[in-house]
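# Residue-level structure breakdown
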Amino acid sequence: MKPKVYLETSVISYLAARPSRDVIIAGRQAATLDWWENHRSRFEVFISALVELEIDRGDPDQARRRREMVEKIESVAVSSTAAAISDLLLSSSAVPSHCEDDALHIGIATAQGADYLLTWNFKHINNPRKVGEITRVVESLGYSAPKICTPDGLGGDTND
């Protein structure tokens, strides 16, 4: 059975974006493309209705590109379990109270039993100062927390 990966919106955005001249952004784009082309097939990949809403925002041409990238990827609904996990992440301040969508991404990944939550969101999801707290909150509810990582961190051996 393949490990399950929840793709958060930032990964799709980097994948579909026009090439950047910014060195950091260009590096993230390259790492995302490498994971997409060379490693994605080793995983059961899914997105959510929230991701679909987010990728439809902004420039219509870019939104269309993002939508095309995920058209064959399973999309799950936002369950009441995901919402409850999100609510606790917010009320415990593991995720700031004004970042409902970020908390909901974590809730969705958790409720769906994702092994990994793939993201480039370092502010509120893959924040080294918050990942431990997020994990503690999720596990306090009896769930296994997905490993939060970036595409370049999920390209190698996953038997860790």
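The structure we're discussing is the one just above.
Everything in this summary refers to the structure shown in the same document.

Each value, and the rule that gives it
- Residue positions within a chain follow its written sequence, with the count starting from 1.
- Per-residue local features of the predicted model are confined to residues with pLDDT of at least 70, and side-chain atom pairs are confined, for both listing and counting, to 80 or more; whole-chain, interface and lining totals are unaffected and use all residues.
- Hydrogens are left out, water is left out, and the side-chain values use all remaining heavy atoms of the structure.
- The way it works is that DSSP assigns letters per residue, a run of H or I at least four long becomes a helix, a run of E at least two long becomes a strand, and they are numbered from the N terminus.
- Throughout, radius of gyration means the C-alpha value; the globule benchmark is 2.2 Å times the number of residues raised to the power 0.38.
- Summary of the burial criterion: residues with accessible area below 20% of their type's maximum are buried, those above 50% are exposed, and those between are partly exposed, where the area comes from a 1.4 Å probe applied to protein chains only.
- Paired strands are those between which DSSP finds at least two bridges.
- Convention adopted: a line fitted to C-alpha atoms gives each axis, helices being fitted over their contacting stretch, and angles between N-to-C directions are expressed from 0 to 180 degrees.

### Focus on the overall build of the protein
Looking only at helices and strands, the protein has seven helices and five strands in total. The order of α-helices and β-strands along the protein, N terminus first, is β-α-α-β-α-α-β-α-α-β-α-β. Taking 2.2 N^0.38 as the reference for a compact globule, 160 residues should give roughly 15 Å; the C-alpha atoms of the protein span a radius of gyration of 15 Å, in line with that estimate. Dimensions of the protein, computed from the C-alpha atoms along their principal axes, are close to 40 × 35 × 30 Å. Counting over 160 residues, the protein shows a buried share of 45%.

### So, the pairing of strand β1 (residues 4–7)
Within a regular beta strand, the side chains point alternately toward one face of the sheet and then the other, so they alternate between its two faces. Residues Lys-4 and Tyr-6 of β1 are buried on one face, and the alternating residues Val-5 and Leu-7, pointing to the opposite face, are buried as well. Across three bridges, β1 lies against strand β2 (residues 44–48) in parallel orientation. By the bridge assignment, Tyr-6 is partnered in β2 with Phe-46. Bridge count between β1 and strand β4 (residues 116–118): three bridges; the pairing is parallel. Residue pairing across strands places Leu-7 opposite Leu-118, the latter belonging to β4.

### A short note on the sheet that holds β1
Ordered in space as β3-β2-β1-β4-β5, the five strands form an open sheet in which the pairing is parallel. Of all strands in the sheet, those with a lone pairing partner are β3 (74–76) and β5 (147–149), marking the two edges. Strand-to-strand twist in this sheet, taken as the mean axis angle between neighbours without regard to direction, amounts to 30°. Across three bridges, the pairing between β4 and β5 is parallel. Residue pairing in the sheet places Tyr-116 in a bridge with Lys-147 of β5.

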